[in-house]
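Each chain, written out:
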Amino acid sequence: MCIFCKIIDGEIPSNKILEDDNFLAFHDINPAAPVHVLVIPKEHVVSFNDVSSEIMGNMSKFIQEVANKMGLNENGYRLITNIGDDGGQEVKHLHFHILGGGKLIWNHYEQNDPHKSI
Ligand code: 5GP
Ligand code: ZN
């Protein structure tokens, strides 16, 4: 079982923010911003590339509720999902990162010239 499925089952503890029958939001163990929340579907879906439009539609609404609950609506936030190895996805269970609580830097390329990395 993957680590996020273990978090859903309660086998691994987590600091929960919001939960319903289909989704769970909890604090990232290694925060990269003042607010760093992970949102996952309870069904094991590997990545955004595999998710159905039905789950994604409901998940979008759930993410908006989490952002609202965390007080991020006024100043904004960043929503990220990493996909596969090039995307830097470490946990192979779909998750969205909600990052906020301060002005965020924008720096996604490992190498300075993205054209040379291809
Ligand atoms: P990825 O790199 O796959 O997009 O993001 C995985 C995220 O999961 C990382 O930000 C990492 O800190 C977080 N993470 C990994 N293991 C755990 C855990 O056991 N508990 C929590 N709360 N977060 C975790
Ligand atoms: Zn899983």
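Coordinates for the structure precede this section.
Every chain begins its residue count from 1, and numbering advances along the sequence as written. Whichever chain is written first becomes A and whichever ligand is written first becomes 1, with later ones labelled in order. Residues qualify for local features only when their pLDDT is at least 70, as the model is predicted, and side-chain atom pairs are given and counted only at 80 or more; totals for whole chains, interfaces and linings, by contrast, use all residues. Note that water and hydrogens are dropped before the side-chain values are worked out from all heavy atoms of the structure.

Participant: Can you walk me through the packing of aromatic side chains in this structure?
Facilitator: The aromatic pairing rule takes the rings of Phe, Tyr and Trp, using the six-membered ring of Trp, and pairs them if the centres are within 6.5 Å, calling planes under 30 degrees apart stacked, those over 60 edge-to-face and the rest tilted. The tally for this structure, following the rule as stated, stands at 2 aromatic pairs. Judged by centre distance (5.6 Å) and plane angle (80 degrees), the rings of F4 and F26 are edge-to-face. Of this pair, F4 sits in helix α1 (residues 3-9) while F26 sits in strand β2 (residues 23-27); the two residues are 22 residues apart in sequence, bridging distant segments of the chain. Of the two residues, F4 and F26, neither departs from the other in class, the shared state being buried. Considering the side-chain rings of F23 and F62, the 5.5 Å spacing of their centres and the 35 degrees angle between planes classify their relative orientation as tilted. Within this pair, whereas F23 is found in strand β2, its partner F62 is found in helix α2 (residues 53-69), the two being separated by 39 residues in sequence. Here the term buried applies to any residue with accessible area under 20% of the maximum for its type, exposed to any over 50%, and partly exposed to those in between, with areas from a 1.4 Å probe on protein chains only. Looking at F62, the relative accessible area reads 3%, which means it is buried. Numbering of helices and strands runs from the N terminus; a helix is a DSSP stretch of H or I covering at least four residues, while a strand is a stretch of E covering at least two.

Participant: Could you clarify how one ought to interpret the side chain of H97 in this entry?
Facilitator: Summarising the element assignment, H97 is placed in strand β5 (residues 96-100). When its relative accessible area of 13% is taken as the criterion, H97 is described as buried. Definition of a polar contact: a pair of N or O atoms within 3.5 Å, with one able to donate and the other able to accept a hydrogen when the atoms are protein atoms, and with sequence-neighbouring residues admitted only if both atoms are side-chain atoms. Side chain to side chain, H97 and H36 meet in a polar contact 2.8 Å long.

Participant: Explain the site of ligand 1 to me, please; I cannot follow it from the model alone.
Facilitator: Any residue with a heavy atom positioned within 4 Å of a molecule or strand is treated as near that molecule or strand. As a structural note, the neighbourhood of ligand 1 is formed by 16 residues, with D28, N82, E90, H95 and H97 the closest of them. Within the side chain of D28, an N or O atom sits 2.5 Å from an oxygen atom of ligand 1. Within the side chain of H97, an N or O atom sits 2.9 Å from an oxygen atom of ligand 1. All accessible areas in this document rest on Shrake-Rupley with a 1.4 Å probe, and a residue is counted as covered only by the protein chains that are shown. Protein burial of ligand 1: of its 520 Å² of free accessible surface, 84% is covered by the chains. Given that more than half its atoms are within 2 Å of the pocket grid, ligand 1 belongs to the largest pocket. Elements that contribute at least two residues to the shell around ligand 1 include exactly α1 and β2. Considering every element that reaches the shell around ligand 1, the biggest residue donor is α1, with 3 residues. Note on residue classes: Ala, Val, Leu, Ile, Met, Phe, Trp, Tyr, Cys and Pro are nonpolar, Asp, Glu, Lys and Arg are charged, and everything else, Gly too, is polar. Class assignment of the residues belonging to the shell around ligand 1 gives a composition of 7 nonpolar, 7 polar and 2 charged. Cavity and pocket criteria rest on a 1 Å grid covering protein atoms alone: a 1.4 Å probe that fits but cannot get out defines a cavity, protein on both sides within 12 Å along at least 5 of 7 lines defines an open pocket, and an atom within 4 Å of a point defines a lining residue. Put plainly, a molecule is in a cavity or pocket when over half of its atoms are within 2 Å of the grid points there.

Participant: Even after reading the chapter, I still don't get the coordination of the zinc ion (ligand 2), so can you show me in this structure?
Facilitator: Metal coordination angles in their ideal form are 109.5 degrees for the four-donor tetrahedron and 90 or 180 degrees for the six-donor octahedron. Note that water is not among the atoms considered, so a metal site may appear incomplete; the donors listed are N, O and S atoms within 2.8 Å of the metal, with 3.2 Å applied to Na, K and Ca. Binding of the zinc ion (ligand 2) to the protein goes through C2 (SG), C5 (SG), H44 (ND1) and H93 (ND1), at separations of 2.1 to 2.3 Å. For four-coordinate sites, all angles between 85 and 135 degrees define a tetrahedron; for four- and six-coordinate sites, opposite donors beyond 155 degrees with the remaining angles between 65 and 115 define square planar and octahedral shapes respectively, and all other cases count as irregular. For the zinc ion (ligand 2), the 4 donor atoms are set out with angles of 98 to 120 degrees between them, so the coordination reads as tetrahedral. For the zinc ion (ligand 2), the single-chain donor residues occur in sequence as C-x2-C-x38-H-x48-H. With C5 in helix α1 and H44 in the loop between β3 (35-41) and α2, this pair connects stretches of sequence that are 39 residues apart.

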